[in-house]
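As a plain string of letters, each chain reads:
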Amino acid sequence: MSSVLRLVNVWKFYGYGDKRVAVLKNINFKVEAGELVVVMGPSGSGKSTLLSIASTLDKPSMGSVYIGDVNVTELNEEELTALRSRKLGFVFQTYNLIRNFTALENVTAPMILSGLYAVDEARSRALELLSLVGLREHYSKFPSQLSGGQQQRVAIARALANDPEIVFMDEPTGNLDTRSSAKVISLVKWLNEVYGQTFLIVTHNLELTEIATRVVYIRDGILYENPPRDLLSSKLSEELTRIRKSDIMKKAQLNLLKTRAQSLRRLMIEGILPRNEAEKEVVRIKQAIRRLQKTA
Amino acid sequence: MITMSLLWLSLRFVLRDIRFRKFISMLAVLAIACGVAALVSLRIVSASARAAAGGVIEQVFVGELAIYGEGLCDIPEFIVHEVEDAPGVDRAIPMVFVTGYMEGVMAFIFGVKPEDLDYILECKVGRKFADGEENVVIVDELFAERRNISVGDTVFLKSQIGSIAYPFKVVGIANIGMKLQGLSAFSTYVVIPLKDAQKLIDKDGFVTMVMIIADKEWDTDQVEENLKTLYPNANILRREEVLGAITQIISVIDGLLSAVTIIGVAVAVFGTSNTIMSSVREHAREIAVLRAIGAKSRDVVVMFMLEATIFGAAGGALGSLLGVVLAELLRRYIESSGILTMSLKLDPLVIALGFTSSIAVSILSSIYPVLKASRVKPLEVLKNE
């Protein structure tokens, strides 16, 4: 199998100087033709940045990205546009269909923009693609007239318009209910199995891993071939120790309880709060203060 | 190269955009239409006024040259015969111009010899006055209509400097206004015998101006030279100079009206710019999507420039139509105010100018927002994902 996508020693930094943060750390990653790769990761793990760099929407700070044999990091914006138009497909979480276009025109647009098809050819191909995703009868509808699931299927048809080498999907089921998600997921699986369409999907939806031919994991900008189970628990214990040792947090909590007790006393004196209720609350505050002092 | 397919796609995008944002689009088109209407109407009125003023001068300034004095009425009448004998002069017509009042209304009074009346006017009702007749007047038909004056009525005329109002019998009603309004903004025009006009200002034997009709075989320059030799200190005015002076006045008015046009055009510029800017802002994410799925910067430029062009064309067409209507309303107003009687000169070039300048202004005012649109990065599509 040949590599459709290859990331070599890719780093991505945001910010400058002391505030520079590495969002992707030395990523080396390949997607072979016909694979359906799912990149799993929680929010802030760097998966969207990985997708944006892999799909040529953004450039890495260091390293190279290859689509087929082409090093896309060396291409200018217009060359990238041409490459995206002919070799890549995109499906986004919020569908991102063009509001002013019907379903048919949304699918037609990439073909016309690529310059490969005349209007009639593009329209007839778009109709076939809509049939493929089960929406031929909705061809004249605007995105606002379609459900979320239908919009996402139109987006998939649009992504397939120019027979891309790889389709990038960013949380494709993120905005869908269970039934629509199932339809979209099964469509993607079918396209991969029957068409041999290559997919790279970034998500935190576990269900998508069921259809994947390969799953990779991303945490804190590092890519793992296996789920990094120890990462969160070790982070948790580190964080707990830090909080327990923090005088500032303890002091702040004590101050909060003291001011609460003061306000209760005032409310009781002014007759706003019944005495028995205030007393119960004061008991609870005292217990909390004692608990805090014990951990000192 | 911009393909037909791309134009088809862009047109779909733009027409839907206009349809989905009817109100904003309508405001943009109206803003452009207002600017174009101001431009077209003022151009039409200005051209019509120039033509009308030119026609008036041709009619009133019956000669090619005129001799005039330093004061109100200080050219001795006896020189008329001398002038007539000068080489190249076919006829010399003495005239007295007096500002005064008729029936208490400000009037422009012309004193003309009966035999010269044919050069000045044609009566619509009644007759011209004859030689030897005194205290007779021919009244402008507009004034006669407004004041309900008929042939046979008696009106009182008084010069601005004189203290006595003399009674005059109306013998004729003529369209003097049409012939004379180009010379003055007064709304009332009357023609009386030369002797009566001299009496009104107590300048018996003197005239304001001697109009010279040159012999057809003579060159006007040569006739002017001859008159200068005869009267070295005389002020000699050529018809073209009067026309030039009036054209100059109209040009000044044109300049002032241009300021109004500029305001109109500025409204159009800001209107279009704002609409395209809001369109770009509203579609920022979609532009990023288009860029991600293969639209080049140029394609985005084509899309939004097409929108600006459609606004410009619609505004230009509507504005041209409104401009013609506005010009007609202005013409009626000017006519009813008694300033100038004119017919509208609908020059296709003016309409074409309005239409093309509308498109040009729309495109120019869209450059900044469109450039902004073309710079939207495809990465924007992932924002808020």
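Details of the structure are given in the entry above.
Heads up: these notes are all about the structure in this document. (Residues numbered from 1 in each chain as written. Chains lettered and ligands numbered in written order. Predicted model: local features only at pLDDT ≥ 70, side-chain atom pairs only at ≥ 80, totals over all residues. Heavy atoms only, no water.)

Within chain A, the regular secondary structure consists of 9 helices and 10 strands. Of all 296 residues assigned to chain A, the portion counted as buried reaches 49%. Taking the intrachain contacts of chain A between residues at least 6 apart in sequence as the baseline, contacts between residues at least 24 apart amount to 69%. Entry remark: accessible area of chain A is about 15200 Å², with carbon and sulfur atoms responsible for 52%. (Helix = DSSP H or I, 4+ residues; strand = E, 2+ residues; numbered from the N terminus. Buried < 20%, exposed > 50% of the residue type's maximum accessible area, 1.4 Å probe, protein only. Contact = heavy atoms within 4.5 Å. Areas by Shrake-Rupley, 256 points an atom, 1.4 Å probe, with all protein chains shown as cover.)

With that settled, the discussion passes to the packing of aromatic side chains. Here the structure, examined in full by the defined rule, presents 10 aromatic pairs over all chains. Relative to Phe13(B), the ring of Phe101(A) lies with its centre 5.7 Å away and its plane at 75°, an arrangement referred to as edge-to-face. With Phe101(A) in the loop between strand S6 (88–91) and helix H3 (103–114) and Phe13(B) in helix H1 (residues 4–20), the pair connects residues from two separate chains. Across the pair, exposure class does not vary: Phe101(A) and Phe13(B) are buried alike. Their ring planes at 65° and their centres at 4.7 Å tell us that Phe97(B) and Phe110(B) sit as a pair that is edge-to-face. (Phe/Tyr/Trp six-rings, centres within 6.5 Å; stacked < 30°, edge-to-face > 60°.)

Attention now goes to the packing of H3(A) against helix H4 (residues 119–132) of chain A. All names here are of chain A. Taken N-terminus to C-terminus, the directions of H3 and H4 make an angle of 125°; their axes are 8 Å apart at the nearest point. As judged from the angle between their axes, H3 and H4 are oblique. Here the hand of the crossing between H3 and H4 comes out right-handed. Contacts between H3 and H4 involve Ala103, Leu104, Val107, Thr108, Met111 and Ile112 from the former and Val119, Ala122, Arg123, Arg125, Ala126, Leu127, Leu129 and Leu130 from the latter. Residue classes in the contact of H3 with H4 are distributed as 11 nonpolar, 1 polar and 2 charged. (Axes fitted to C-alpha atoms, helices over the stretch in contact; angles between N-to-C directions. Parallel < 35°, antiparallel > 145°, perpendicular 65-115°, else oblique. Left-handed = near helix turned anticlockwise from the far one by under 90°. Nonpolar A, V, L, I, M, F, W, Y, C, P; charged D, E, K, R; others polar.)

Attention now moves to the pairing of strand S7 (residues 166–170) of chain A. All names here are of chain A. For S7, the tally of buried residues reaches 5 of 5 residues, placing the bulk of the element in the interior. Burial along S7 is two-sided: Ile166, Phe168 and Asp170 and Val167 and Met169, pointing in opposite directions, are all buried. As a crossover connection, the stretch from S7 through helix H6 (residues 178–195) into strand S8 (residues 199–203) is right-handed. (Right-handed = clockwise from strand over helix to strand, strands pointing away.)

Across the contact, 34 residues belong to chain A and 29 residues belong to chain B. The contact between chain A and chain B buries some 3000 Å² in all, and 63% of this surface belongs to carbon and sulfur atoms. Considering only the surface of chain A that becomes buried against chain B, Arg99(A), Asn100(A) and Leu113(A) emerge as the three largest contributors, covering 24% of it. Residue Glu105(A) pairs with Arg16(B) through a salt bridge whose shortest N-O separation is 2.5 Å. Those elements that place two or more of their residues in the side of chain A that touches chain B are helix H1 (47–54), helix H2 (77–87), H3 and H4 of chain A. Considering each element in turn, the side of chain A that touches chain B owes the most residues, 6 residues, to H3(A). Along the lines of polarity and charge, the residues of the side of chain A that touches chain B split into 15 nonpolar, 10 polar and 9 charged. (Buried area = accessible area lost by both parts, 1.4 Å probe. Salt bridge = Lys/Arg side-chain N within 4 Å of Asp/Glu carboxyl O.)

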